[in-house]
Amino acid sequence: MNSEEDSTAATRSLSTIAVHGGKRTHEQPFGSVVAPVFHSTIYGFESFAEMRRYARGELKESYFYSRYANPTVAEAERKLAALEGAESAVVTSSGSAATFCALAALCEAGDEVIACETIYGGTTRIIEEVLGRFNISSRFISIEDIPNLPEIARERTRAFWFETPTNPTNRLVDLAQAAEAARVANVFSITDNTFATPVLQRPLGHGINAVMHSATKYLGGHSDVTAGAVAGTSEYIARVRRIAVLTGATLDPAAAYLLARGMKTLEVRVRASCENAMRFAQALRGHEKVSRVYYPGLEDDPGHALARRQMSGFGGVVAVDLVGGEAEAERFLDALKLVRCAPSLGGVETLVSYPLYSSHNGFSDEQLRAAGVSAATVRFALGIEAADDIIADVKQALNSIDFKNSEHRTQDKNNDVLSSES
Ligand SMILES: Cc1ncc(COP(=O)(O)O)c(C=O)c1O
């Protein structure tokens, strides 16, 4: 029996879908429980007649050339579609490739993309620099402006792109409100669900048209695979897949295997990371060297009520503003012993990053202000280690720094940003 024949599959919980979703038991030789990796780039036909049927699109599921389709890649796609509650999904060679394909499938010369200004910097650059070269224009709006999309959108506006929670300061977008505004505006809505994952929120259920992922983060989960994904209706995903196949943005089977394996433990990893993030945020709130903690799990956080409504957990990312600026951030990061400074998130290990020199490097002062990022901002992506060990490491690093003797003044964050940029 394969997963599609199992009539109870639809009612199963997310953790069960994560482990079993996407399987095709008949593809597993010798009754192996884990599907093998299909490295073969080519697939032969039994006969000329079979080749003709394939060419005419008459064979429902068959393989020909790995860039077009591959059994291991297909398993990862079925699993992600099941997790997001989508009709279909396509996986790509990176999150950035997923973003490009998702938008290229919607837009042609003369069209426009509207995006929130609080999205991943690489996405902004794809929209402005890459799509811009093909005469696809763009505008960036604030989260507060989303309800006004029907007035903001023009006749040629095709897509609205946003993230929730945002990086790094965890601002939230109301998914149902965004879906409705885009629907009234007659614009296709896409959200980057990398930070929340389907464990914490399933945007399609709120009326969002499609979901994109940097699967390099939580979906892969072990900081050892670069991948991306788009999930949505079968009709839309077929269009995205065509762009991915034609541009060679499809995923390699070895990477797809790691991705599918990572997704099996998605639920337990995300829950563990959320628990750690909550304890971490509570431990740093009120610390004398921390002026602000950004975490929607804290009851006084501006996003708390909305997070409770649309998410089943508050996420694994916590941002803080240190008392001080770049000099304090430098001393703090260099004093950490267990937590590594690296630019990603969503892996089993806790990481710290400095947005000014990573995700938001090169942003204008105005863009930084819109993103809520300053020279004092430090982002933590909590892993699944014991929270006490992470908190102890971060506290020793904070305490080892004599902030009073630093050459930087305190709290003049935006000036620090300006001086580092100029
Ligand atoms: C929210 C978000 N979206 C998209 C991307 C791009 O994904 P990738 O690095 O897999 O291309 C990233 C990468 O950091 C990200 O954080």
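Keep in mind that this is a model prediction, so the values were computed, not measured.

1. What to know about the overall build of the protein chain
Link 1 in the chain: Counting its regular elements, the protein chain contains 16 helices and twelve strands.
Link 2 in the chain: Taken against the 2.2 N^0.38 rule, which gives 22 Å for 422 residues, the C-alpha radius of gyration of the protein chain at 22 Å falls within 12% of a compact globule.
Link 3 in the chain: Out of the 422 residues in the protein chain, the part that is buried amounts to 55%.
Link 4 in the chain: The long-range fraction of contacts in the protein chain, counting pairs at least 24 apart against all pairs at least 6 apart in sequence, stands at 74%.
Link 5 in the chain: Accessible surface for the protein chain amounts to roughly 18,400 Å². Of this, 51% is attributable to carbon and sulfur atoms.
Link 6 in the chain: When the 42 positive and 52 negative side-chain charges of the protein chain are each reduced to one mean point, those points stand 4 Å apart.

2. Let's talk about the domain arrangement of the protein chain
Link 1 in the chain: The domains assigned to the protein chain are domain 1 (3-264) and domain 2 (267-421).
Link 2 in the chain: The centre of domain 1, based on its C-alpha atoms, is set 29 Å off from the matching centre of domain 2.
Link 3 in the chain: Taken together, the contacts link 33 residues of domain 1 with 40 residues of domain 2.
Link 4 in the chain: Across the domain 1/domain 2 interface, buried area totals approximately 3,000 Å², and carbon plus sulfur atoms make up 58% of it.
Link 5 in the chain: Put simply, domain 1 and domain 2 have one salt bridge between them.
Link 6 in the chain: Counting only elements with at least two residues in the side of domain 1 that touches domain 2, the list comes to α1 (14-20), α5 (121-133), α8 (197-200) and α10 (253-264).
Link 7 in the chain: Residue composition of the side of domain 1 that touches domain 2, by class: 13 nonpolar, 15 polar and five charged.

3. Quick word on the site of the ligand
Link 1 in the chain: Taken together, 13 residues lie near the ligand, and Gly95, Ser96, Asp192, Thr216 and Lys217 sit nearest.
Link 2 in the chain: Here an oxygen atom of the ligand and a side-chain polar atom of serine 96 are 2.7 Å apart.
Link 3 in the chain: Aspartate 192 has a polar side-chain atom sitting 2.6 Å from a nitrogen atom of the ligand.
Link 4 in the chain: Taking 390 Å² as the accessible area of the ligand by itself, protein coverage stands at 89%.
Link 5 in the chain: The set of elements that each furnish at least two residues to the shell around the ligand consists of α4 (95-104) and β6 (210-214).
Link 6 in the chain: Residue composition of the shell around the ligand, by class: four nonpolar, six polar and three charged.

4. A look at the nonpolar core
In globular proteins that are soluble, nonpolar side chains generally tend to be buried together.
Link 1 in the chain: In this structure, Phe332, Val378 and Phe380 are the most contacted members of the largest nonpolar core, which totals 76 residues.
Link 2 in the chain: In terms of residues, this core owes the most to one element, helix α11 (residues 266-284), which gives seven residues.
Link 3 in the chain: Both domains that furnish three or more residues to this core are identified here as domain 1 (3-264) and domain 2 (267-421).
Link 4 in the chain: The residues contacting phenylalanine 332, other than those within four sequence positions of it, are Leu322, Val378, Phe380, Val394, Ala397, Leu398 and Ile401.
Link 5 in the chain: Of all hydrophobic cores here, the second largest spans 46 residues; its members include Ile114, Ile119, Ile208 and Val230.

5. A few points about α10
Link 1 in the chain: The terminal C-alpha atoms of α10 lie 17 Å apart, and with twelve residues this matches the ideal 16 Å at 1.5 Å per residue to within 8%.
Link 2 in the chain: Buried within α10 are the following residues: Pro253, Ala255, Ala256, Leu259, Ala260, Gly262 and Met263.
Link 3 in the chain: Contacts from the buried residues of α10 go to α1, α3 (71-84), β1 (88-92) and α11.
Link 4 in the chain: The N-cap of α10, judged by a side-chain oxygen 3.0 Å from the amide nitrogen of alanine 254 a few residues on, is aspartate 252.

6. What to know about the state of the cysteines
Link 1 in the chain: One pass over the full model with this rule turns up zero disulfides.
Link 2 in the chain: Considering cysteine sulfurs only, cysteine 107 is the nearest to cysteine 101, which forms no disulfide, with 13 Å between them.
Link 3 in the chain: Of the residues examined, cysteine 101 reaches a relative accessible area of 0% and is grouped as buried.

7. Description of the environment of arginine 67
Link 1 in the chain: Residue position: arginine 67 is located in the loop between α2 (48-55) and α3.
Link 2 in the chain: According to the relative accessible area criterion, arginine 67 is partly exposed, its value standing at 32%.
Link 3 in the chain: Along the sequence, arginine 67 and isoleucine 152 sit 85 residues apart, while their C-alpha atoms lie 39 Å from each other.
Link 4 in the chain: Leaving out residues up to four positions away in the same chain, arginine 67 has contacts with Val245, Leu246, Gly248 and Thr250.
Link 5 in the chain: At a separation of 2.6 Å, a polar atom in the side chain of arginine 67 contacts the main-chain carbonyl oxygen of valine 245.

8. Details of the side chain of asparagine 167
Link 1 in the chain: Among the structural elements, asparagine 167 can be located in the loop between β4 (157-163) and α7 (175-185).
Link 2 in the chain: Judged by its relative accessible area of 6%, asparagine 167 is buried.
Link 3 in the chain: Within polar-contact distance, the side chain of asparagine 167 engages the side chain of arginine 379 at 2.8 Å.
Link 4 in the chain: The contacts of asparagine 167, once residues within four sequence positions are left out, are Phe195, Ser359, His360 and Arg379.

Rules used throughout
Residues numbered from 1 in each chain as written. Predicted model: local features only at pLDDT ≥ 70, side-chain atom pairs only at ≥ 80, totals over all residues. Heavy atoms only, no water. Helix = DSSP H or I, 4+ residues; strand = E, 2+ residues; numbered from the N terminus. Rg over C-alpha atoms; globule rule 2.2 N^0.38 Å. Buried < 20%, exposed > 50% of the residue type's maximum accessible area, 1.4 Å probe, protein only. Contact = heavy atoms within 4.5 Å. Areas by Shrake-Rupley, 256 points an atom, 1.4 Å probe, with all protein chains shown as cover. Lys, Arg positive; Asp, Glu negative; His and termini not counted. Charge placed at Lys NZ, Arg CZ, Asp CG, Glu CD. Domains from an automatic or database assignment. Buried area = accessible area lost by both parts, 1.4 Å probe. Salt bridge = Lys/Arg side-chain N within 4 Å of Asp/Glu carboxyl O. Nonpolar A, V, L, I, M, F, W, Y, C, P; charged D, E, K, R; others polar. Near = heavy atom within 4 Å. Polar contact = N/O pair within 3.5 Å; in protein donor to acceptor, adjacent residues only side chain to side chain. Core = buried A, V, L, I, M, F, W, Y, C linked by side-chain atoms within 4.5 Å. Expected span 1.5 Å × (residues − 1). Disulfide = S-S within 2.5 Å.

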